[in-house]
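Remarks on the overall topology
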Amino acid sequence: MIQRIQTIWLILAAACSGGLVFLVSLWVDGEGNEVVAMDDNAYFGAFAASTVLSLFAIFLYNNRKLQTVINRLNIMLNLILLGVFVTRALTMSGATAVAEKGIGMFIPILSIVLLVLANRAIRKDEQLVKSVDRLR
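This text gives an overview of the structure that appears in the document. (Residues numbered from 1 in each chain as written. Predicted model: local features only at pLDDT ≥ 70, side-chain atom pairs only at ≥ 80, totals over all residues. Heavy atoms only, no water.)

Describing the nonpolar core
Core analysis: the largest hydrophobic core is formed by 26 residues, its most contacted members being L26, W27, Y43, F47 and F85. Residue assignment for this core shows that the elements contributing at least two residues are α1 (5-23), α2 (41-58), α3 (64-90) and α4 (107-135). Apart from residues lying up to four places away in sequence, F47 is in contact with S17, V21, L26, A37, L81, F85, I107 and P108. (Core = buried A, V, L, I, M, F, W, Y, C linked by side-chain atoms within 4.5 Å. Buried < 20%, exposed > 50% of the residue type's maximum accessible area, 1.4 Å probe, protein only. Helix = DSSP H or I, 4+ residues; strand = E, 2+ residues; numbered from the N terminus. Contact = heavy atoms within 4.5 Å.)

Here's what the structure looks like:
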């Protein structure tokens, strides 16, 4: 049952975590160099792990509870990544040279929203299955 709505949300979350990191910069440092996720292995690893978890959750359609747990784990990973970005943005030095924050710092927020929508659709499917089991 890959044609469910949560599959679309999970594919969009995987595309967001895996594709946008190559296209947008996280921030611009004081020298004017754009910093992307590929420049730092920790950031790239976190985005890659988020992408893998989203793609892995797509194929767990038989086990909806495990699919929800994987999505919650992915949400926590994105929250940690968002916390690191916020900390980095708040401690970014701007006294000597103006440093700009890039739009890439908001990728985890978009990914979290998509994962929450996927979890909501999974919960609706679980409720539908339970209601059909009651009728039998």
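Quick notes on the side chain of N71
Relative to the helices and strands, N71 is located in helix α3. Residue classification places N71 among the buried positions, given a relative accessible area of 0%. Sequence-distant contacts of N71, defined by excluding residues within four places in its chain, comprise L10, A57, L115, A118, N119 and I122.

Some points on the packing of α2 against α3
Direction vectors running N to C along α2 and α3 enclose 160°, while the axes themselves pass 9 Å from each other. Considering their axes alone, α2 and α3 lie roughly antiparallel with respect to each other. Considering how the two elements wind past one another, α2 and α3 form a crossing that is left-handed. Contacts between α2 and α3 involve Y43, A46, F47, A49, S50, L53, S54, F56, A57 and I58 from the former and Q67, I70, N71, L73, N74, L77, N78, L81, V84, F85 and R88 from the latter. In the contact of α2 with α3, the residues fall into 14 nonpolar, 6 polar and 1 charged. (Axes fitted to C-alpha atoms, helices over the stretch in contact; angles between N-to-C directions. Parallel < 35°, antiparallel > 145°, perpendicular 65-115°, else oblique. Left-handed = near helix turned anticlockwise from the far one by under 90°. Nonpolar A, V, L, I, M, F, W, Y, C, P; charged D, E, K, R; others polar.)

Overview of a positive patch on the surface
A surface patch of like charges, here positive, comprises R72, R120, R123 and K124. The element that contributes the greatest number of residues to the positive patch is α4, accounting for 3 residues. Within the fold, R72 resides in helix α3. For R72, a relative accessible area of 52% translates into the label exposed. (Patch = residues over 30% accessible without salt bridge, like charges linked within 9 Å, V, L, I, M, F, W, Y side chains within 5 Å. Areas by Shrake-Rupley, 256 points an atom, 1.4 Å probe, with all protein chains shown as cover. Salt bridge = Lys/Arg side-chain N within 4 Å of Asp/Glu carboxyl O. Lys, Arg positive; Asp, Glu negative; His and termini not counted. Charge placed at Lys NZ, Arg CZ, Asp CG, Glu CD.)

Considerations on a nonpolar patch on the surface
A contiguous nonpolar surface patch, about 430 Å² in accessible area, is contributed by F22, L23, M38 and F44. Following the sequence through the fold, F44 ends up in helix α2. The class for F44 is partly exposed, based on a relative accessible area of 33%.

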